[in-house]
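Letter by letter, the chains look like this.
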Amino acid sequence: MSIIAEAPEYLQVYSDGLVKRFAPPIVDASSELTSGYRSKDVILDPSKPISGRIFLPDTKDFTAQLPVLVYFHGGGFCIGSTTWCGYHHFLGDLSVESQCIVLSIDYRLAPENKLPIAYEDCFASLKWLSMKSHSDPWLKRADISRVFLSGDSAGGNITHHVGRRALQDSECSVKILGLLPIHPYFGSEKRTEKEMAQGEGAEEDVKSNDMFWRLSLPEGSNRDHSACNFEKLELSEAEWSKFPKVVVYVAGLDFLKERGVMYAGYLKNKGVEVQLIEAENEKHVYHVFLPEAESTRLLQRQMTAFINQP
């Protein structure tokens with residue numbers, strides 16, 4: 001049995017199909033009030049399986065309806081979890097800062113479950129939210145007419161695709177008011193300037209990114225598949241006119257910054273209301289690794305301002 005794909009510290013894929021994932025420390029959900037919020041794990045679909053974690057902030061007004069942020073974790077579609085320490089603390093604190101209910105999704109991972117399965121799982125979470133908002137006591141204050149989608153890296157990519165799917169599906173009863181992709185993970189067969197650069201780890205970044213795309217895209221696809229290359233996803237003029245407003249977050253030291261800037265420009269050219277916000281001296285998904293850093297607190301405040309704007 002040999003290794004056919006490897007990202008040091010993150011993932012090993014063996015020739016017999018076995019996948020070994022390396023995970024950081026995890027945090028259990030707790031219904032006890034901690035740092036201003038409570039959390040609990042839920043099963044969205046036991047047959048898939050798809051699960052999630054709800055973060056409920058403590059509020060002064062126990063009757064007020066709260067907006068909902070649905071969050072998709074990153075990890076190249078191949079790793080990641082709602083239980084990871086960085087995600088738990090970042091999203092719990094964000095729920096308090098923004099005074100919104102956060103639903104964090106554990107979708108099925110590649111390479112065992114290639115795209116578009118992650119998109120399907122995450123879109124299914126919207127239908128689950130709509131159904132459970134009437135019955136789950138933790139969601140009785142969820143205002144499904146004020147729903148936002150967010151995620152980092154691969155989760156930022158999912159945010160785009162689920163947002164597109166929601167506006168095309170007449171049966172989706174939640175109202176998506178905005179998308180907040182953080183350091184979104186896109187690509188194409190054509191390399192960017194940074195991807196063609198030499199030195200400073202660029203070659204390793206390209207190799208790692210290519211591997212994750214190879215493991216996650218449908219068999220026989222390349223990086224110009226619409227899951228990877230956002231320019232290949234066709235929407236009608238009428239659909240673009242209904243696309244939610246978007247704020248794209250990029251990091252100055254992130255290898256994927258170019259892609260995020262290109263994505264924001266693409267949306268703007270399609271007539272979408274879009275903002276681009278850069279954390280100048282930060283790396284890719286810094287908020288996951290540094291959930292208590294001031295730069296992370298700033299990101300939470302920026303997201304809160306977007307969610308709560310009139």
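Refer to the structure presented above.
Below is a summary of the structure that appears in this document. (Residues numbered from 1 in each chain as written. Predicted model: local features only at pLDDT ≥ 70, side-chain atom pairs only at ≥ 80, totals over all residues. Heavy atoms only, no water.)

### Things to note about the environment of Cys 172
Defined as follows: Secondary structure is summarised from DSSP: a helix means a run of H or I of at least four residues, a strand means a run of E of at least two, and numbering begins at the N terminus for each. In what follows, a contact means two residues having at least one pair of non-hydrogen atoms within 4.5 Å.
With respect to the helices and strands, the residue Cys 172 is situated in the loop between α3 (154-168) and β9 (176-182). Once residues lying within four places of it in the same chain are set aside, the contact partners of Cys 172 are Phe 123, Leu 126 and Ala 166.

### Observations regarding unusual backbone geometry
As a reminder of what qualifies: Each residue's exposure class comes from its accessible area (1.4 Å probe, protein chains only) as a fraction of the maximum for that residue type: buried when under 20%, exposed when over 50%, partly exposed otherwise.
Backbone torsion omega between Ala 110 and Pro 111 reads 5°, so that peptide bond is classified as cis. Within the fold, Pro 111 resides in the loop between β7 (101-106) and α2 (117-132). Despite not being glycine, Ser 153 has its phi angle at roughly 55°, a positive value. Within the element layout of this structure, Ser 153 appears in the loop between β8 (142-152) and α3. Residue Ser 153 is classed as buried on the basis of its relative accessible area, which comes to 8%.

### Topic: the sheet that holds β7
We apply this condition: Note on pairing: two strands pair once DSSP finds at least 2 bridges between them. An axis is simply a line fitted to the C-alpha atoms; with a helix, the fit covers only the stretch in contact. Between two such axes, the angle follows the N-to-C directions and lies from 0 to 180 degrees.
A sheet is described by the order of its strands in space; here eight strands give the open sequence β4-β5-β7-β6-β8-β9-β10-β11, paired in mixed fashion. Whereas interior strands pair on both sides, the edge strands pair on one side only; in this sheet they are β4 (37-45) and β11 (274-279). Strand-to-strand twist of the sheet, defined as the mean angle between neighbouring strand axes without regard to direction, takes the value 20°. Where strand β6 (residues 66-72) lies against β8, six bridges are found, and the strand directions are parallel. Its bridge partner being in β8, Leu 69 is matched across the sheet by Phe 148.

### Some remarks on the nonpolar core
Condition: What we call a nonpolar core is a set of buried Ala, Val, Leu, Ile, Met, Phe, Trp, Tyr and Cys residues that are connected through their side-chain atoms within 4.5 Å.
Among the nonpolar cores identified, the biggest contains 95 residues, and Leu 69 and Leu 126 are the most heavily contacted of them. Top contributing element to this core by residue count: α2, with seven residues. Not counting the four nearest positions on each side in its chain, Leu 69 is found in contact with Leu 94, Cys 100, Ile 101, Val 102, Leu 103, Phe 148, Leu 149, Ser 150, Leu 180, Met 303 and Ile 307.

### Notes on the sheet that holds strand β1 (residues 3-7)
Strands sit in the order β1-β2-β3 across an open sheet of three strands; the sheet is antiparallel. With partners counted over all chains shown, the strands left at the sheet margins are β1 and β3 (19-21), one partner each. Neighbour-to-neighbour, the strand axes of the sheet open up by a mean angle of 10°, direction not taken into account. In this fold helix α5 (residues 202-216) packs onto β1 and β2 (11-14), with an angle of close to 125° to the strand it touches most, β1.

### Considering the packing of helix α1 (residues 85-98) against helix α9 (residues 294-307)
Definition in use: When describing relative orientation, an angle under 35 degrees is termed roughly parallel and one over 145 degrees roughly antiparallel, while 65 to 115 degrees is termed roughly perpendicular and anything else oblique. Each helix crossing is assigned a hand: it is left-handed if the near helix lies turned anticlockwise from the far helix by less than a right angle, otherwise right-handed if that turn is clockwise. Residues are grouped as follows: Ala, Val, Leu, Ile, Met, Phe, Trp, Tyr, Cys and Pro are nonpolar; Asp, Glu, Lys and Arg are charged; every other residue, Gly included, is polar.
At their nearest, the axes of α1 and α9 sit 9 Å apart, and the two run at 45° to each other. One way to sum up the angle between α1 and α9 is to call them oblique. Note on packing geometry: the crossing formed by α1 with α9 is right-handed. Side by side, α1 and α9 meet where Phe 90, Asp 93, Leu 94, Glu 97 and Ser 98 of the first sit next to Thr 296, Arg 297, Leu 299, Gln 300, Arg 301, Met 303, Thr 304 and Ile 307 of the second. Counted by class, the contact of α1 with α9 contains five nonpolar, four polar and four charged residues.

### Describing the side chain of Arg 141
The criterion, for reference: Working convention for charge: Lys and Arg count positive, Asp and Glu count negative, and His plus the chain ends are omitted. In the sections that follow, a salt bridge refers to a side-chain nitrogen of Lys or Arg positioned within 4 Å of a carboxyl oxygen of Asp or Glu.
Relative to the helices and strands, Arg 141 is located in the loop between α2 and β8. Buried charge without a salt bridge: Arg 141, with Asp 61 as the nearest opposite-charge side chain at an N-O distance of 5.7 Å.

### Focus: the pattern of salt bridges
With the rule as written, the count across this model stands at 15 salt bridges. Between Lys 114 and Glu 219 there is a salt bridge, and its shortest N-O distance comes to 3.8 Å. Taken together, the residues span a long stretch of sequence, with Lys 114 in the loop between β7 and α2 and Glu 219 in the loop between α5 and α6 (237-241) at a distance of 105 residues. Between Glu 189 and Arg 223 there is a salt bridge; the shortest N-O distance is 3.6 Å. With Glu 189 in the loop between β9 and α4 (193-196) and Arg 223 in the loop between α5 and α6, this residue pair connects regions lying 34 residues apart in the sequence. Arg 223 gets classed as buried once you look at its relative accessible area, which sits at 14%. What emerges from the salt-bridge pattern is a single network uniting Glu 189, Arg 191, Asp 210 and Arg 223.

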